[in-house]
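Below, each chain spelled out in residue letters.
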Amino acid sequence: MSSTLVNEIPDSKRSRLGLRVAPAVAVSSTADSTLGGAHRVRLNSAYIIALESAGLVPVVVPPLSRPEAARSIVSRVEGIVLTGGEDVDPALYGQARHEKGGEPNRDRDDTEIALIAAARHMHRPVLAICRGPQILNVALGGTLYQDISSDVPGSLVHDAADRRTSRVHDVEIEPGSRIGRAMGATRISVNSLHHQSARDVAPGLRVTARAPDGIIEGLESDTDGWWVIAVQWHPEEMNDSPESWDRGLFRAFADRLAEV
Ligand code: MN
């Protein structure tokens with residue numbers, strides 16, 4: 001039976017038949033004027049490919065001029081994906097901007113903070129990637145390293161921007177953690193396209209993955225009630241990788257959405 005036909009069956013009958021429509025997930029994006037001078041909404045297609053590969057329906061959410069609309073969006077989807085992008089405005093965690101900090105995008109910050117608040121309130125699962133763990137940590141009261149290479153002497157190269165799909169540093173994952181179970185491994189190697197990371201961890205989150213230099217690479221919620229996985233690398237870029245680790249994160253998210 002095609003998915004179109006399944007969608008035409010009333011909800012009550014569909015659940016009786018054991019059929020499910022693919023869960024829809026809100027995917028945050030950015031808006032900027034870097035292409036042709038027009039202000040455009042933009043999202044790396046790798047997120048769409050990875051989510052669709054896991055059987056999910058991505059719904060792109062732009063930075064909103066009315067972030068309070070996040071509640072109505074979250075109420076209509078099964079989960080939330082927070083994607084990579086701009087540096088979070090350091091004013092949101094009480095710091096002045098570092099000289100290597102990027103131009104903030106407050107519409108995006110405010111929209112994602114509202115999405116996180118709504119997701120927590122409604123217990124919607126969250127998959128957060130790159131900027132995702134950063135805005136998540138800030139939204140819940142944590143702080144960031146504004147520039148790892150300046151703030152953490154001796155740190156590894158985390159900003160390998162020219163090697164999007166290369167595994168450039170190791171990550172140690174806590175055995176039995178949500179991330180560890182999703183990836184099926186406790187030591188992996190990841191791509192790394194970031195110059196910031198979580199510093200002081202917010203209440204309600206715990207660290208379950210670190211790089212060998214101590215930089216936080218994975219966060220998750222500390223309760224079962226709100227399912228959150230947040231990784232500092234880019235699993236969406238590794239959808240075609242011979243190792244299944246990164247696809248495992250999307251699979252775990254999709255499995256959780258199917259349970260709810
Ligand atoms: Mn890294």
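This text goes with the structure placed above it.
What you see is a predicted model; the values in this text were computed from it and never measured.

Caption draft 1: Quick look at the environment of Asp222. Locating Asp222 in the fold gives a position in the loop between β12 (216-221) and β13 (228-231). In this structure, the C-alpha to C-alpha distance between Asp222 and His194, residues 28 residues apart in sequence, is 24 Å. Every residue in contact with Asp222, bar those within four places of it in the chain, is listed here: Gly204, Leu205 and Arg206.

Caption draft 2: Spotlight on the nonpolar core. Core analysis: the biggest nonpolar cluster contains 31 residues, and Ile80, Leu82, Ile116, Val126, Leu136, Leu140 and Trp226 have the highest contact counts within it. When residues of this core are traced back to their parent elements, those giving at least two are β1 (24-28), α4 (70-74), β5 (79-82), α5 (106-121), β6 (126-129), α6 (131-139), β12 and β13. With 5 residues, α5 is the single largest residue contributor to this core. Ignoring anything within four residues of it in the chain, the contact list for Trp226 reads Ile116, Ala119, Arg120, His123, Arg124, Val126, Leu136, Leu140, Arg178 and Ser221. Counting residues in hydrophobic clusters, the runner-up holds 30 residues, among them Ala50, Ile129, Ala182 and Ile229.

Caption draft 3: Expanded view of the coordination of the manganese ion. Surrounding the manganese ion are the protein donor atoms His158 (ND1), His169 (NE2), Ser192 (OG), His194 (NE2) and Glu217 (OE), which sit 2.2 to 2.4 Å from the metal. Of note, the donors binding the manganese ion are all from one chain and are spaced H-x10-H-x22-S-x1-H-x22-E. In this pair, His158 is assigned in the loop between α7 (148-151) and β8 (169-173) and His169 in strand β8, connecting sequence segments 11 residues apart.

Caption draft 4: The arrangement of the pattern of salt bridges in detail. Under the defined criterion, the tally for this structure stands at 20 salt bridges. For Arg66, the salt bridge goes to Glu68, with nearest N and O atoms at 3.5 Å. We note a salt bridge from Asp147 to Lys100, for which the minimum N-O separation is 3.9 Å. Residue Asp147 is found in the loop between β7 (144-145) and α7, and its partner Lys100 is found in the loop between β5 and α5; the two are separated by 47 residues along the sequence. Connected through shared salt-bridge partners, Glu86, Arg108, Asp109, Glu112 and Arg131 make up one network.

Caption draft 5: Region of interest: unusual backbone geometry. One non-glycine residue, His123, lies in positive phi territory at about 55°. Secondary-structure assignment places His123 in the loop between α5 and β6. We note that Cys130 has phi near 60°; this positive angle belongs to a residue other than glycine. As for its placement among the helices and strands, Cys130 is situated in the loop between β6 and α6. According to the relative accessible area criterion, Cys130 is buried, its value standing at 6%.

The rules we used
- Residues numbered from 1 in each chain as written.
- Predicted model: local features only at pLDDT ≥ 70, side-chain atom pairs only at ≥ 80, totals over all residues.
- Heavy atoms only, no water.
- Helix = DSSP H or I, 4+ residues; strand = E, 2+ residues; numbered from the N terminus.
- Contact = heavy atoms within 4.5 Å.
- Core = buried A, V, L, I, M, F, W, Y, C linked by side-chain atoms within 4.5 Å.
- Buried < 20%, exposed > 50% of the residue type's maximum accessible area, 1.4 Å probe, protein only.
- Donors = N, O, S within 2.8 Å, 3.2 Å for Na, K, Ca; no water.
- Salt bridge = Lys/Arg side-chain N within 4 Å of Asp/Glu carboxyl O.

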